[in-house]
2 protein chains.
Amino acid sequence: MSNSKLYKGSLSTIILKLLAETHKMYGYEITQKVKELTQGELTITEGALYPALHKLEANGFLEVEMQRVDNRLRKYYKLTQAGNQEKVSRIEELERFIETIQGIVNPKPSLG
Amino acid sequence: MSNSKLYKGSLSTIILKLLAETHKMYGYEITQKVKELTQGELTITEGALYPALHKLEANGFLEVEMQRVDNRLRKYYKLTQAGNQEKVSRIEELERFIETIQGIVNPKPSLG
DNA sequence: CAAACATACATAATTTTCTTATGCATAAAA
DNA sequence: TTTTATGCATAAGAAAATTATGTATGTTTG
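Residues numbered from 1 in each chain as written. Chains lettered and ligands numbered in written order. Predicted model: local features only at pLDDT ≥ 70, side-chain atom pairs only at ≥ 80, totals over all residues. Heavy atoms only, no water.

As annotated in an unreviewed UniProt entry, chain A is PadR family transcriptional regulator from Mesonia mobilis.

Printed below as a string of structure tokens:
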């Protein structure tokens, strides 16, 4: 992840979310999808992406299926059941974080 | 920062924001304020806080004033002018991040 | 009165998650 | 033929946390 800038920890949540929607994606496709969805705001670097995918797989959240397309190799990933559960809790966590930090950065004036 | 969980990179933004509101705070006070504002959701650990304060100070964003209260030493921090500017751009960055990631996690269904 | 908890600072070792740089390979475009 | 795009991968290093300590004073509590 790069460029716009911060907040390490969100990449694997993004991956899980995209895979929950699209069922099956390969690495390069994920980078392009994120660029598209964010209008170039977020650029997933390969050095961040591939280790993240490998870790999610090692944790049993993703499973892999190789496919050769136009004489190029693709590694398709999809969510396991555990991965789907993980996605749910990661998204909740992210939304809780956003609420929490907005409570600091945009505090609602107290009632009264 | 701990507990609820993630998103490294937001701590110094939080510090800058709190100091912009309260003008002058010491470390322990910041941890308590964050606990209070987030109803315990966010706990700033000392191992994260003090290095972050030192770095902000080294970068010229904070200035320090020591004070002895009840025979205990406090290090009060306040924003410099550069720190106030930095606060503005960090907050903008944070809000851009939140919009960006919500575009992924809560995509608006395309029109039509 | 002793132990626990709260206040107040600090740092060191380690871990997690990135960036940056590099490498390999195929294919299309300039 | 060099650059760009597609597609994977890893290694070195940096940044920002966690976890574990350490020091010191003051208050509460069993």
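Let us keep going from here.
Caption draft 1: Geometry of the relation of the copies chain B and chain A. Rotating chain B by 179 degrees and moving it 0.0 Å along the rotation axis overlays it on chain A with an RMSD of 0.1 Å. On the angle and the small slide along the axis, the relation comes out as a two-fold axis. Comparing interface residues between copies, 100% of those in chain B also sit at the interface in chain A, which points to an isologous, same-surface contact. (Least-squares fit on C-alpha atoms with pLDDT ≥ 70 in both. Contact = heavy atoms within 4.5 Å.)

Caption draft 2: Structural view of the pairing of strand S5 (residues 72–79) of chain B. All names here are of chain B. As defined by bridge partners, strand S2 (residues 25–26) adjoins S5 across 2 bridges and the pair is classed as antiparallel. Looking at S5, one finds that methionine 25 is bridged to tyrosine 77. Looking at chain direction, strand S4 (residues 62–69) and S5 are connected through 8 bridges and run antiparallel. Bridging across to S5, glutamine 67 finds its partner in arginine 74. Connecting S4 to the antiparallel partner S5 that follows it, the hairpin turn spans 2 residues, and aspartate 70 within it adopts a positive phi of roughly 55 degrees. (Pairing = 2+ DSSP bridges. Helix = DSSP H or I, 4+ residues; strand = E, 2+ residues; numbered from the N terminus.)

Caption draft 3: Seen up close, the pattern of salt bridges. Residues and elements named next belong to chain A. All told, the structure shown has 10 salt bridges over all chains when counted by the stated rule. Note that glutamate 21 is salt-bridged to lysine 17, the shortest N-O span being 3.6 Å. Residue glutamate 21 and its partner lysine 17 are located together in helix H1 (residues 11–22), separated by 4 residues, close to a single helical turn. Since its relative accessible area comes to 15%, lysine 17 is described here as buried. (Salt bridge = Lys/Arg side-chain N within 4 Å of Asp/Glu carboxyl O. Buried < 20%, exposed > 50% of the residue type's maximum accessible area, 1.4 Å probe, protein only.)

Caption draft 4: Examining the nonpolar core more closely. Ranked by size, the top nonpolar core spans 54 residues in total, and within it A:Ile15 and B:Ile15 carry the most contacts. Leave out the neighbours within four places in its chain, and B:Ile15 touches B:Ile30, B:Leu49, B:Ala52, B:Leu53 and B:Leu56. (Core = buried A, V, L, I, M, F, W, Y, C linked by side-chain atoms within 4.5 Å.)

Caption draft 5: Main features of the side chain of B:Ser10. Residues and elements named next belong to chain B. Tracing the sequence through the fold places serine 10 in the loop between strand S1 (2–3) and helix H1 (11–22). For serine 10, a relative accessible area of 0% corresponds to the buried category. A polar contact of 2.9 Å, which involves the side chain of serine 10, links it to the backbone oxygen of tyrosine 7. (Polar contact = N/O pair within 3.5 Å; in protein donor to acceptor, adjacent residues only side chain to side chain.)

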